[in-house]
Amino acid sequence: LSPVCLGSLRRAASINAEYMGVPDVFGVYKFSVTYRRSGRTHLVWEDMVSIRPMSHNEWERFLPCAYPYYGGAFAMLIGFVVFPPLFLYSASPKHKEQ
């Protein structure tokens, strides 16, 4: 992996911008912009940013993508509550003696 990400600035609503993603690992990263065009003022900008993954208590409580798993867990819970009484207290078939 290259530690350098090269890209060109895009003009959006009178602002030059470039969007990039950062890795999801701990670390201190240096973002540096050196923008040089002939006949224009040079732009040199640097910033140090510390990145850390989200803690276990910073995530959403219920994730929408996990609703099928929640449904499966509740269906299993209902099955454990409903079927054992039906199985234990149902009348067993009586055989006719010949």
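Structural notes, computed from the coordinates. (Residues numbered from 1 in each chain as written. Predicted model: local features only at pLDDT ≥ 70, side-chain atom pairs only at ≥ 80, totals over all residues. Heavy atoms only, no water.)

## A look at the overall build of the protein chain
Stage number 1. From N to C terminus, the protein chain includes 1 helix and 4 strands.
Stage number 2. Its helices and strands in sequence order give the protein chain the pattern β-β-β-β-α, from N to C terminus.
Stage number 3. Taking 2.2 N^0.38 as the reference for a compact globule, 98 residues should give roughly 13 Å; the C-alpha atoms of the protein chain span a radius of gyration of 31 Å, well beyond that estimate.
Stage number 4. When its C-alpha atoms are laid out on the principal axes, the protein chain stretches across 110 × 30 × 25 Å.
Stage number 5. When the 98 residues of the protein chain are sorted by exposure, 4% land in the buried category.
Stage number 6. Long-range pairs, those at least 24 residues apart, make up 19% of the contacts in the protein chain between residues at least 6 apart in sequence.
Stage number 7. Put simply, the protein chain shows about 10,000 Å² of open surface, and 62% of that area lies on carbon and sulfur atoms. (Helix = DSSP H or I, 4+ residues; strand = E, 2+ residues; numbered from the N terminus. Rg over C-alpha atoms; globule rule 2.2 N^0.38 Å. Buried < 20%, exposed > 50% of the residue type's maximum accessible area, 1.4 Å probe, protein only. Contact = heavy atoms within 4.5 Å. Areas by Shrake-Rupley, 256 points an atom, 1.4 Å probe, with all protein chains shown as cover.)

## Structural notes on helix α1 (residues 67-88)
Stage number 1. Spanning 22 residues, α1 covers 32 Å between terminal C-alpha atoms, matching the ideal 32 Å at 1.5 Å per step.
Stage number 2. A small share of α1 lies buried, amounting to 1 of its 22 residues. (Expected span 1.5 Å × (residues − 1).)

## Digging into the packing of aromatic side chains
Stage number 1. What the rule picks out here adds up to 2 aromatic pairs.
Stage number 2. Summarising the aromatic geometry, the rings of Phe-62 and Tyr-70 are spaced 5.7 Å apart at their centres and angled 90° between planes, so their arrangement reads as edge-to-face.
Stage number 3. Note on Tyr-67 and Tyr-70: the rings are 5.9 Å apart at their centroids and 55° apart in plane angle, and the pair reads as tilted. Of the two residues, Tyr-67 and Tyr-70 are both situated in helix α1; the distance of 3 residues between them amounts to about one turn of the helix. (Phe/Tyr/Trp six-rings, centres within 6.5 Å; stacked < 30°, edge-to-face > 60°.)

## What to know about unusual backbone geometry
Stage number 1. One non-glycine residue, Ala-13, lies in positive phi territory at about 55°.
Stage number 2. Structurally, Ala-13 is set in the loop between β1 (10-12) and β2 (15-17).
Stage number 3. You can call Ala-13 exposed: its relative accessible area is 69%.
Stage number 4. A positive phi angle, near 60°, is found at Ser-14, a position not held by glycine.
Stage number 5. Using a relative accessible area of 59% as the deciding quantity, one classes Ser-14 as exposed.

## Let's talk about a nonpolar patch on the surface
Stage number 1. On the surface, Phe-74, Leu-77, Ile-78, Val-81, Val-82, Phe-83 and Leu-86 cluster together into a nonpolar patch covering about 740 Å² of accessible area.
Stage number 2. Mapped onto the fold, Leu-86 is located in helix α1.
Stage number 3. The exposure class of Leu-86 is exposed, given its relative accessible area of 52%. (Patch = residues over 30% accessible without salt bridge, like charges linked within 9 Å, V, L, I, M, F, W, Y side chains within 5 Å. Salt bridge = Lys/Arg side-chain N within 4 Å of Asp/Glu carboxyl O.)

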